[in-house]
Amino acid sequence: MTIATKPGFSRRRFLTTTAGVALASGAAFGPSRLMAAEPIKCAGIYTVPVEQQWVSRIHKAAMIAQERGDLDYTFTENVSNTDYARVMREYAESGYTLIIGEMFAVEQEAREVAAEYPEIAFLMGSSFKPDDALPNMAVFDNYIQDASYLTGIIAGSMTETGNIGMVGGFPIPEVNRLMHAFMAGVRETRPDATFQVSFIGSWFDPPKAKETAFAMIENGADMLYAERFGVSDAAKEQGILAIGNVIDTQADYPETVVASAIWHFEPTLDKAIEEVRAGTFKAADYGVYSYMIEGGSSIAPLGTFEGKVPQEALDLVESRTAEILSGAYVTEVNDEEPKSQ
Amino acid sequence: MDIIDILLSASFWTAAIRIASPLIFAVLGELICERAGVLNLGIEGIMVAGAFAGWMAVYSGTDLWTGVAVAFAVGMLFGLVHSTLTVPFGLSQHVVGLGVTLLATSLTYFAYRLFLPEVTSPPKIEAFQPFEIPLLSDIPIIGPALFNQTPLTYLAFISVGVVAYILYRTPLGLALRAAGENPAAVAAQGLSVTAIRMGAVIAGSGLMAVGGAFLTMSAFDSFFFEMVNGRGWICIALVVFGAWRPGKALLGAILFAAFDALQIRVQQTPMGADIPYQIFLMMPYILSILALIVMSRRAEVPAALMVPFNKGER
């Protein structure tokens, strides 16, 4: 169940194999598996192209499940929110039994569509809780605060000025809780740290994120929390450090990105597959399957920063990781909008 | 005070000019169209197409300036579509403009997937780097702001001069302005209003596309779908703000960008902790609207703006 979360698996290499190859191998291996009778017909509906960080994690997990023979996966990307319900209906009408997607901007409409197709399982990214009155819709989100907290510990040990810049898109719960966890991590190794927090009011405006990051660097920041594309670029140009979020971007910024908190969607999807197969899929919050204890998040390998991070910080990361995995330490989930402090 | 310190810092003005650069290209493009009598609401989509085309060309192996030329050419193609429908056919400029925006955005997405079917993250290119002009960049505050920018920013400022010169000092400019004021008079001179208007829209659209290309080739080094993010619509307002004059439009673009650079910085002052961030994000727009109200009272709108011209019709 956790094959996919093994470190060292190359996402790049994986995705360069085409869907066709994946489908062919899925067809080849599928029937030989003991459990997998028929692959579940699964459709992904995304509001952005599949290479964009958050969605790329879902897409990757679905491709892996398909290669394994558990899913017969197809997807539609770059669907505008005004069109989202229509695309949901189209897949629902054409025989798909598991529909995954993100309904942050269409919470009401998506629920209405799901109510019309009670026999189809909907697994949707959402800021809200599941509704028992709508038993065929489960919600998920990237609850990777454990990993964000651990990257904070590293960031706190690497900053010299103790002034940390954080650029976010919008202050929605999934962004806020990661920022708070990161800040809590920083305070473990740098109790007197100050934080500059800005939101740019857009998910994909890298030039604006970059300008905002530049302003924070001018204002004394020597470590940036790169929630958006563009932030690491500003850090790279100004020769300071950054911490990545959701995906590992160190390959693009080898001298800049120290560590990244990575989201693994595989446990969430695998749980859904299991429930659909067993016929027990119901309204539930799949958010917990993004927790580190479930294998839903991890901290990226230090890579180019191997040997450059203080040992005390790494020791703390190690002991905290063990505590998180044993359940002794639970990272606080705080959905409030973070403020500069 | 904090704000005074910010306004006196060179880095603030450097950021303002950097933010203004894509707007300068696009506002000039829109201004040329409107001076000839055609409102071009295709601007937002044309910027997206330009942002993609220039970046994609460089990613495919051309040099940066060829990329700029490719963006310009793609902009001209959309200008041709727009002007064919609005000038000889005289269709509604609002509907055609919005249609071109939708078409350009969707075609860009289509082309993106066609060229890059399987990528894990949007690929990067080697973008334009700041080029310091000796001596001039040593002037306090305005030196680094104006003379330590990327070559595309210099091109934006040069374009303002060139467009102003053509509009006010050449027969072509006179004919273009006349086509927007009194097309019948242009026709009476034996000139083709259709040719002048189409030419203006095609050239203007090319400039808009270069504005978009600035985002992917200078401000950033990769392409995202929503990255133009309303900058085109701002330029429509900036043309009015600039009273259809290139110099004033340039000032408007810099003013808007300065408000934007300011709000980013004010968010980090003690004020930022108390005021919701949305207020800061709104600031450039609100201040621009206020400035627009003041400035546009004396503006002379081209008399034949949005009026189709049919030769021989009275």
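Calculation criteria
- Residues numbered from 1 in each chain as written.
- Chains lettered and ligands numbered in written order.
- Predicted model: local features only at pLDDT ≥ 70, side-chain atom pairs only at ≥ 80, totals over all residues.
- Helix = DSSP H or I, 4+ residues; strand = E, 2+ residues; numbered from the N terminus.
- Expected span 1.5 Å × (residues − 1).
- Buried ≥ 20, exposed ≤ 12 C-beta atoms within 10 Å, placed from the backbone.
- Arc of directions from axis to C-beta.
- Contact = placed C-beta atoms within 7 Å.
- Nonpolar A, V, L, I, M, F, W, Y, C, P; charged D, E, K, R; others polar.
- Axes fitted to C-alpha atoms, helices over the stretch in contact; angles between N-to-C directions.
- Parallel < 35°, antiparallel > 145°, perpendicular 65-115°, else oblique.
- Left-handed = near helix turned anticlockwise from the far one by under 90°.
- Pairing = 2+ DSSP bridges.
- Right-handed = clockwise from strand over helix to strand, strands pointing away.
- Core = buried A, V, L, I, M, F, W, Y, C linked by C-beta atoms within 7 Å.
- Domains from an automatic or database assignment.
- pLDDT = per-residue confidence, 0-100.

1. So, helix α7 (residues 151–169) of chain B
Residue and element names in this part refer to chain B.
Logical step 1: In a regular helix each residue adds 1.5 Å, so 19 residues correspond to 27 Å; α7 covers 26 Å between its end C-alpha atoms and thus fits that length.
Logical step 2: Every buried residue of α7 is listed here: Leu152, Thr153, Ala156 and Val163. One face of α7 carries all of its buried residues, which in axial projection span an arc of 105°. With respect to the buried face of α7, the exposed residues turned more than 90 degrees away are Ile158, Gly161, Tyr165 and Arg169.
Logical step 3: Where the residues of α7 are buried, they touch α2 (10–35), β2 (148–149), α10 (193–219) and α12 (246–266).

2. Re the interface of chain B and chain A
Logical step 1: Across the boundary between the two partners, chain B contributes 27 residues, which contact 32 residues of chain A.
Logical step 2: At the level of secondary structure, the elements contributing two or more residues to the side of chain B that touches chain A comprise α2, α10, α12, α13 (270–274) and α14 (277–296) of chain B.
Logical step 3: In terms of residue count, the dominant contributor to the side of chain B that touches chain A is α2(B) (three residues).
Logical step 4: Grouping the amino acids of the side of chain B that touches chain A by side-chain chemistry returns 15 nonpolar, eight polar and four charged.

3. Section: the packing of helix α11 (residues 231–241) of chain B against α12(B)
Residue and element names in this part refer to chain B.
Logical step 1: Look at α11 against α12: their axes get within 8 Å of each other, and the N-to-C directions meet at 130°. Taken as axis vectors, α11 and α12 run oblique relative to one another. Handedness of the crossing formed by α11 with α12: right-handed. Facing α11, whose interface residues are Ile234, Leu238, Val239 and Phe241, α12 presents Ala249, Gly252, Ala253 and Phe256.
Logical step 2: Taken together, the residues that form the contact of α11 with α12 break down as seven nonpolar, one polar and no charged.

4. Remarks on helix α9 (residues 231–238) of chain A
Residue and element names in this part refer to chain A.
Logical step 1: For α9, every residue scored as buried is listed here: Val231, Ser232, Asp233, Ala234 and Ala235.
Logical step 2: Buried residues in α9 make contact with β6 (163–168), α8 (206–218), β8 (223–226), β9 (241–246) and β10 (257–263).
Logical step 3: Residue Gly239 follows α9 closely and has a positive phi angle near 70°.

5. Looking at the pairing of strand β2 (residues 71–76) of chain A
Residues and elements named next belong to chain A.
Logical step 1: For strand β1 (residues 40–45) and β2, the ladder comprises six bridges, and the chain directions are parallel. Directly across from Gly44, in β2, lies its bridge partner Phe75.
Logical step 2: Crossover handedness for the path β1 to helix α3 (residues 53–68) to β2: right-handed.

6. Comments concerning unusual backbone geometry
Logical step 1: Even without being a glycine, Leu135(B) presents a positive backbone phi close to 65°.
Logical step 2: Structurally, the position occupied by Leu135(B) is in the loop between β1 (131–132) and α6 (142–147).

7. Focus on the nonpolar core
Logical step 1: Within the largest apolar cluster, 203 residues are counted, with the highest numbers of intra-cluster contacts made by Leu224(A), Leu23(B), Val27(B) and Ala209(B).
Logical step 2: Looking at which domains feed residues into this core, each of domain 1 (11–140) and domain 2 (145–263 + 295–326) of chain A gives three or more.
Logical step 3: Residue contacts for Val27(B): discarding those within four places in its chain leaves Cys235(B), Leu238(B), Val239(B), Gly242(B), Ala249(B) and Ala253(B).

8. Details of the domain arrangement of chain A
Residues and elements named next belong to chain A.
Logical step 1: The assigned domain composition of chain A is domain 1 (11–140) and domain 2 (145–263 + 295–326).
Logical step 2: Computed from C-alpha atoms alone, the centre-to-centre distance between domain 1 and domain 2 is 30 Å.
Logical step 3: Taken together, the five residues of domain 1 in the interface contact six residues of domain 2.
Logical step 4: Considering only residue class, the side of domain 1 that touches domain 2 consists of one nonpolar, three polar and one charged.

9. Some remarks on the environment of Ile120(A)
Logical step 1: Position of Ile120(A) relative to the elements: it lies in the loop between α5 (107–116) and β4 (121–125).
Logical step 2: Non-local contacts of Ile120(A), meaning those with residues more than four positions away in its chain, are made with Ala92(A), Tyr96(A), Thr97(A), Ile99(A) and Asn136(A).

10. Things to note about the confidence of the model for chain A
Logical step 1: Of the residues in chain A, 89% reach a pLDDT of 70 or more, and the chain-wide mean stands at 88.
Logical step 2: Predicted confidence is poor over residues 1–34 of chain A, with pLDDT under 50, and the contacts of this stretch with residues over four places away or in other chains come to 39 contacts.

11. Considerations on the sheet that holds β2(A)
All names here are of chain A.
Logical step 1: Spatially, the five strands line up as an open sheet ordered β2-β1-β3-β4-β5, and their pairing is parallel. The sheet is open, and its two edges are formed by β2 and β5 (137–140), each paired on a single side. Direction aside, the axes of adjacent strands within the sheet are offset by 20° on average.
Logical step 2: Here four bridges tie β4 to β5, and the two strands are oriented parallel to one another. Residue Phe122 lies in a different strand from β5, and its bridge partner there is Met137.
Logical step 3: Where helix α4 (residues 84–93) meets the sheet, it contacts β1, β2 and β3 (98–102), and its direction lies at approximately 170° from that of β1.
Logical step 4: Against the sheet, helix α10 (residues 266–278) touches β1, β2, β3, β4 and β5, its axis set at about 165° to β4.

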